[in-house]
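The residues making up each chain are set out below.
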Amino acid sequence: MDTVIEVEGLRKEYRRVRGRRTVAVDGLDLAVPPGGVFGFLGPNGAGKTTTIRCLLGLVRPTGGRCRLLGQEPAGLHKVIGRVGSIVESPAMYPRFSARRNLELLGRISGVGRTRVREVLEEVGLAERADDQVKTYSLGMKQRLGIAGALLKDPEILILDEPANGLDPAGIVEVRELMRRLGTQGRTVFVSSHILNEVQQTADRVAILAKGRQVATGPVHEVLTAGHVAGLLVRLDDVPEGLRILGEAGIDATADDGLIRVGLPPAEAARVTRTLADRGLYLTELRADEADLETVFLELTGGASTEGPR
Amino acid sequence: MTALLASEFRRFRSRRLVKVLVGLELLAIVATGVIVFLTQEYALVGLPDVLMGTALVLVSVGWMLGASAIGADWHAGHLTTILTWEPRRGRVLFAKIAAALSGVFVLSLVIQALLGVALAAAAAGAGSTAGADSAWLAESVGVALRAAVLSTIFAGFGFGLASAGRNTAVALGVGFGYLVIVENLVRGLRPQWTPWLLTDNSGLFILGSPIDFPQVGRSTVGAGVYLAAVGAALLLAASVLFRARDVN
């Protein structure tokens, strides 16, 4: 199978009062290959959750098609045993223990107690497994939701903002968990607004804005698209540094106390040698790459939109 | 499907509302038994009347349990979670209906059986068991069964309304408003519509006495069939809505 998630011209409109319509997803195309971590990014209201709900058959698209493991929503039951998911905040019974909640879910697909114990250990909830869920922190509830998604030992995991409510340690745990799952041959499809996390975790990303895809591809390609790779140099005498680099035929400009050099990071040694030969020693040298947040803000216009997600 | 049903039965059994209401009913049964024992006047032959009297409580409990069986799931978002495990909505709703309705039916029977045992013990110890013959037993069992069926039908009403309104409170509010306000208004303003009123048909069904409800113009079984048909129609409408609407 070339793709595990396939979305073609997906459109979802919500009717509002007085016949007005809100377009949550507007002709979205998306193809997610099997294996690895796929980041699904977009500001609030971009249509991420609506797309996930369409994929899981929770919401009926107004137009277009979506397929999960080759099945459209009508045939989803044929593959749902291979799909684990969290949609927004995972709902569990607050007065039941984590173990009981998972056992109840597991019964639907014949998942046994051994597997419940395994996933509770995997998400670090084994010690609190018999406590009522209402006593859990938001982060613990989120981890319980992830445990529920893992219960079926799925081929594909669809996680909608899995790091919501997690503390920094919890975010790192989820990141490591996603990476681990992604390298086990599973596909992890994760929507998130914590861009730094996605940049560190995902192999590929798609960025949405106002219900449309504005960029997709491997993370490094999306990061470099439209950005000239360069170097940033810090030294004590910026004007002298500019003069020396200019004389050496290296494109360099001053930028807020730094020198921006128009050479790719692979040629950093040429810059250090040129400056050192003339007695100038740099105090900092780093690649001038756009991070995902910068790319995201540029592509989405930097504004969130209100409406259904 | 069997696994889904088993899961739903377990969920229903574990609900706090079920436990609280059953606890209150058991408490009431014990209190009734003690009071009856202390007054030393109870004649067991009057058990069918007592069971008819408790039918209103059972029907109310059935309505609440039926409504909360789906309303609480809508409110808390559990249906989203369940549908990511079993996307065939018809199956999910059927399992929930089966668990809620059969749960209410069994609970109603058990509660009435316990009440009967408590009153029988009190009557045997400090009252009278005279007249408690086989005809009495048949009448008592008949009333208990009809009360259990009626509470189950009303659980269906509650379930259907809560499913359509996606909220327990909607079902309780609409039910109360309809039964107390609308039906009384209809009875006063359009007496010719009385045969279609739920309260009159319920009264006839529980008492099992068409003579006392000439305005309904049905037999006891006819009233039960009519009520069951209304319940089935509500559940069917809820099912259609459940299949058609988005789950957000």
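Residues numbered from 1 in each chain as written. Chains lettered and ligands numbered in written order. Predicted model: local features only at pLDDT ≥ 70, side-chain atom pairs only at ≥ 80, totals over all residues. Heavy atoms only, no water.

**What to know about the overall build of chain A**
Now for step 1: Broken down by element type, chain A carries ten helices and 13 strands.
Now for step 2: Projecting the C-alpha coordinates of chain A onto the three principal axes gives extents of approximately 75 × 50 × 40 Å.
Now for step 3: Burial statistics for chain A: of 309 residues in total, 50% are counted as buried.
Now for step 4: For chain A, restricting intrachain contacts to residue pairs at least 6 apart in sequence, the fraction spanning at least 24 positions comes to 69%.
Now for step 5: Entry remark: accessible area of chain A is about 14100 Å², with carbon and sulfur atoms responsible for 46%.
Now for step 6: Averaged over its 41 positive side-chain charges, chain A has a centre that lies 12 Å from the centre of its 41 negative ones. (Helix = DSSP H or I, 4+ residues; strand = E, 2+ residues; numbered from the N terminus. Buried < 20%, exposed > 50% of the residue type's maximum accessible area, 1.4 Å probe, protein only. Contact = heavy atoms within 4.5 Å. Areas by Shrake-Rupley, 256 points an atom, 1.4 Å probe, with all protein chains shown as cover. Lys, Arg positive; Asp, Glu negative; His and termini not counted. Charge placed at Lys NZ, Arg CZ, Asp CG, Glu CD.)

**Re the overall build of chain B**
Now for step 1: In terms of regular secondary structure, chain B is built from nine helices and zero strands.
Now for step 2: When the elements of chain B are put in sequence order from the N terminus, they spell out α-α-α-α-α-α-α-α-α.
Now for step 3: The globule rule puts the C-alpha radius of gyration for 248 residues at 18 Å, and the 19 Å found for chain B is close to it.
Now for step 4: Projected onto its principal axes, the C-alpha positions of chain B cover 60 × 45 × 30 Å.
Now for step 5: The burial tally for chain B puts 50% of its 248 residues in the buried class.
Now for step 6: For chain B, restricting intrachain contacts to residue pairs at least 6 apart in sequence, the fraction spanning at least 24 positions comes to 76%.
Now for step 7: Summed over its atoms, the accessible surface of chain B is roughly 10900 Å², and 72% of this surface lies on carbon and sulfur atoms.
Now for step 8: Averaging the locations of the 17 positively and 12 negatively charged side chains of chain B gives two centres separated by 16 Å. (Rg over C-alpha atoms; globule rule 2.2 N^0.38 Å.)

**A word on a positive patch on the surface**
Now for step 1: Side chains of R100 and R107 of chain A together with R13 and K19 of chain B sit close together on the surface and give a patch of like positive charge.
Now for step 2: Among the secondary structure elements, R107 of chain A is positioned in helix α2 (residues 98–108). (Patch = residues over 30% accessible without salt bridge, like charges linked within 9 Å, V, L, I, M, F, W, Y side chains within 5 Å. Salt bridge = Lys/Arg side-chain N within 4 Å of Asp/Glu carboxyl O.)

**Quick notes on the packing of aromatic side chains**
Now for step 1: Within this structure, the stated rule accounts for eight aromatic pairs over all chains.
Now for step 2: Here F40 of chain A and F189 of chain A contribute two aromatic rings whose centre-to-centre distance is 4.9 Å and whose plane-to-plane angle is 35 degrees, an arrangement assigned as tilted. Residue F40 of chain A is located in strand β3 (residues 36–41), and its partner F189 of chain A is located in strand β7 (residues 187–192); the two are separated by 149 residues in the primary sequence.
Now for step 3: Judged by relative accessible area, which is 0%, F40 of chain A ranks as buried.
Now for step 4: Here W63 of chain B and F154 of chain B contribute two aromatic rings whose centre-to-centre distance is 5.7 Å and whose plane-to-plane angle is 45 degrees, an arrangement assigned as tilted. (Phe/Tyr/Trp six-rings, centres within 6.5 Å; stacked < 30°, edge-to-face > 60°.)

**What to know about the sheet that holds strand β1 (residues 5–15) of chain A**
Strand pairing in a sheet relies on backbone hydrogen bonds. The paired strands run either parallel or antiparallel.
All names here are of chain A.
Now for step 1: If you walk across this open sheet you meet the three strands as β2-β1-β4, and the pairing is antiparallel. At either margin of the open sheet sits one strand with a lone partner, and together these are β2 (21–32) and β4 (63–68). The average angle at which neighbouring strand axes cross in this sheet is 25 degrees, direction not considered.
Now for step 2: Note that β1 and β4 share five bridges and pair antiparallel. If you follow E6 over to β4, its bridge partner there is R67.
Now for step 3: Taken strand by strand, helix α1 (residues 48–55) contacts β1, β2 and β4, and its axis lies near 110 degrees from that of β1. (Pairing = 2+ DSSP bridges. Axes fitted to C-alpha atoms, helices over the stretch in contact; angles between N-to-C directions.)

**Points about the nonpolar core**
All names here are of chain A.
Now for step 1: Counting residues in each nonpolar core, the largest one holds 143 residues, and the members touching the most others are I5, L102, L144, I158 and F189.
Now for step 2: If we ignore the near neighbours within four places in the chain, the residues touching L102 are M92, V116, V119, L120, L144, A147, G148 and L151.
Now for step 3: One finds I250, A252, I259 and V271 within the second-largest nonpolar core, a separate group that totals 15 residues. (Core = buried A, V, L, I, M, F, W, Y, C linked by side-chain atoms within 4.5 Å.)

**Some thoughts on the confidence of the model for chain A**
Now for step 1: Taken as a whole, chain A shows an average pLDDT of 85; of its residues, 94% reach a score of 70 or greater.
Now for step 2: Overall, residues 304–309 of chain A carries pLDDT values under 50, and its contacts beyond four positions in sequence, including any with other chains, amount to 20 contacts. (pLDDT = per-residue confidence, 0-100.)

**Some details on the interface of chain B and chain A**
Now for step 1: Contacts between chain B and chain A engage 28 residues on the former and 29 residues on the latter.
Now for step 2: Of all residues in chain B, R10, T84 and W85 of chain B give up the largest surface area on contact with chain A, accounting jointly for 29% of the area buried on that side.
Now for step 3: If you look at where chain B meets chain A, you find one salt bridge.
Now for step 4: We note a salt bridge from K12 of chain A to D246 of chain B, for which the minimum N-O separation is 2.6 Å.
Now for step 5: Between the two partners, chain B and chain A, sit 13 residue pairs in polar contact (both at pLDDT 80 or more).
Now for step 6: Taken together, the elements giving at least two residues each to the side of chain B that touches chain A come down to α1 (2–14), α3 (47–76), α4 (78–83) and α9 (220–244) of chain B.
Now for step 7: Here the side of chain B that touches chain A is composed, by residue class, of ten nonpolar, eight polar and ten charged. (Buried area = accessible area lost by both parts, 1.4 Å probe. Polar contact = N/O pair within 3.5 Å; in protein donor to acceptor, adjacent residues only side chain to side chain. Nonpolar A, V, L, I, M, F, W, Y, C, P; charged D, E, K, R; others polar.)

**So, the side chain of R218 of chain B**
Residues and elements named next belong to chain B.
Now for step 1: Secondary-structure assignment places R218 in the loop between α8 (198–207) and α9.
Now for step 2: For R218, which is buried and forms no salt bridge, the nearest opposite charge comes from D200, at a distance of 9.4 Å.
Now for step 3: In this structure the side chain of R218 is engaged in a polar contact, spanning 2.5 Å, whose partner is the backbone oxygen of P195.
Now for step 4: Separated by 3.0 Å, the side chains of R218 and N201 make a polar contact.
Now for step 5: Not counting residues within four places of it along the chain, the set of residues in contact with R218 comprises P195, W196, N201, L204, P210, A223 and Y226.

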